[in-house]
Amino acid sequence: STGQISTDDSVLSAIDHPLAEAIIKAKAASKKRSTWFENALNNMDKEGRVHPSINSIQARSARMTITGAIAAQTLPAGTGYVRSAFLAEEGHVTATVDFSSMELMFLAADSGDKRMLQAYREGEDLHNITAAAAFGNMGWDPSDKESKHPMRKAGKGTNYTVVFGGGKKAVH
C-alpha cells in the first residue's frame with residue numbers, strides 16, 4: 001500500500017523463488033545471531049561460560065524472569081540449532097526444563113480443585129477445558145488429545161487472567 005518493497009516473511013513466503021527463501025533464512029539467521037549468539041559471546045565469563053539467572057519472584061506478575069548473558073527462556077525449540085550451541089562440560093549434562101502452565105499446576109495443587117487435578121493427571125489441556133466450559137464444544141472432540149478447541153486462546157487468556165488476579169470484569 002505504501003509502494004515500498006516488502007521483505008516481510010508473509011510476503012516472501014508467497015513467492016516461489018530461491019531468492020525469497022534465501023532472504024527468509026538470512027533474516028532468521030540474523031535474528032539468532034543478534035538475539036542469542038552475540039549476547040552470549042559478549043557476556044562470557046573468564047572460563048567461557050554464560051550464566052543466566054532464574055528469578056522466581058522478581059516480576060510483579062509473579063511469573064519467573066530470567067536475566068543474565070542470555071535470555072534462556074526465549075531459546076527457540078524445534079530444530080535445536082540455537083540450543084545446541086550451549087554445551088555442558090565433560091561429565092555434566094545440559095537440561096531443558098519446561099515450566100509450561102506452572103502457575104496453573106500450582107493453583108490446581110494449592111486449591112485442590114478436582115477437575116484441574118484430573119486434567120493434569122490425565123494429560124488434558126486445561127485451556128481447552130476452560131474454553132469448552134465457556135463456549136461449549138463447538139465441534140471440538142475432547143477425546144482427541146491433540147486437537148485444539150476453536151476458542152482455546154480465549155480459554156488460555158481466561159485462565160491466566162484469573163491466576164494473576166483479574167476478576168470477572170477483566171475476563172469479559
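Our structure's up above, just so we're on the same page.
The structure reproduced in this document is the subject of the present report. (Residues numbered from 1 in each chain as written. Predicted model: local features only at pLDDT ≥ 70, side-chain atom pairs only at ≥ 80, totals over all residues. Heavy atoms only, no water.)

## Points about a nonpolar patch on the surface
Taken together, Ile54, Val97 and Phe99 make up a surface patch of nonpolar side chains, about 290 Å² in accessible area. Within the secondary structure, Phe99 is located in the loop between strand S2 (65–67) and helix H3 (102–111). By relative accessible area, Phe99 is classed as partly exposed at 37%. (Patch = residues over 30% accessible without salt bridge, like charges linked within 9 Å, V, L, I, M, F, W, Y side chains within 5 Å. Areas by Shrake-Rupley, 256 points an atom, 1.4 Å probe, with all protein chains shown as cover. Salt bridge = Lys/Arg side-chain N within 4 Å of Asp/Glu carboxyl O. Helix = DSSP H or I, 4+ residues; strand = E, 2+ residues; numbered from the N terminus. Buried < 20%, exposed > 50% of the residue type's maximum accessible area, 1.4 Å probe, protein only.)

## Digging into the pattern of salt bridges
Scanning the model with the defined rule gives seven salt bridges in all. Here Asp9 makes a salt bridge to Lys27, at a shortest N to O gap of 3.1 Å. Placement of the pair is Asp9 in helix H1 (residues 9–13) and Lys27 in helix H2 (residues 18–42), with a sequence separation of 18 residues. A relative accessible area of 37% means that Asp9 is categorised as partly exposed. Salt-bridge contacts for Lys25 lead to Glu21; the nearest nitrogen and oxygen are separated by 3.2 Å. Taken together, the residues span about one helical turn, with Lys25 and Glu21 both in helix H2 at a distance of four residues. By relative accessible area, Lys25 is classed as exposed at 53%. Judged by its relative accessible area of 45%, Glu21 falls in the partly exposed class.

## Observations regarding the environment of Gly155
Looking at the secondary structure, you find Gly155 in helix H6 (residues 152–163). When its relative accessible area of 1% is taken as the criterion, Gly155 is described as buried. Along the backbone, Gly155 and Val93 are 62 residues apart, and their C-alpha atoms lie at a distance of 37 Å. If we ignore the near neighbours within four places in the chain, the residues touching Gly155 are His127, Thr130 and Ala131. (Contact = heavy atoms within 4.5 Å.)

## Focus: the side chain of His149
Position of His149 among the secondary structure elements: in the loop between helix H5 (126–135) and H6. His149 sits in the buried class, given a relative accessible area of 3%. Polar contacts involving the side chain of His149 include one to the main-chain amide nitrogen of Met151, which spans 2.8 Å. Contacts of His149, omitting those with residues within four sequence positions, involve Asn128, Ala131, Ala132, Phe135, Gly136, Asn137, Met138 and Trp140. (Polar contact = N/O pair within 3.5 Å; in protein donor to acceptor, adjacent residues only side chain to side chain.)

## Observations regarding the nonpolar core
Formed by Leu104, Ala108, Met116, Ala119, Leu126, Ile129 and Tyr160, the largest nonpolar core amounts to seven residues. At the level of elements, H3, helix H4 (114–121) and H5 are the ones that each hand at least two residues to this core. Apart from residues no more than four positions distant in its own chain, Tyr160 is found in contact with Ser101, Glu103, Leu104 and His127. (Core = buried A, V, L, I, M, F, W, Y, C linked by side-chain atoms within 4.5 Å.)

## Topic: H6
For H6, spanning twelve residues, the distance from its first C-alpha to its last is 16 Å, which sits close to the expected 16 Å at 1.5 Å a residue. Along H6, the residues classified as buried are Arg152, Gly155, Asn159 and Tyr160. The arc enclosing the buried residues of H6, seen along the axis, measures out at 125°, which places them on a common side. Buried residues along H6 sit in contact with H3 and H5. Trailing H6 by a residue or two, Gly165 shows a phi angle of about 95°, which is positive. (Expected span 1.5 Å × (residues − 1). Arc of directions from axis to C-beta.)

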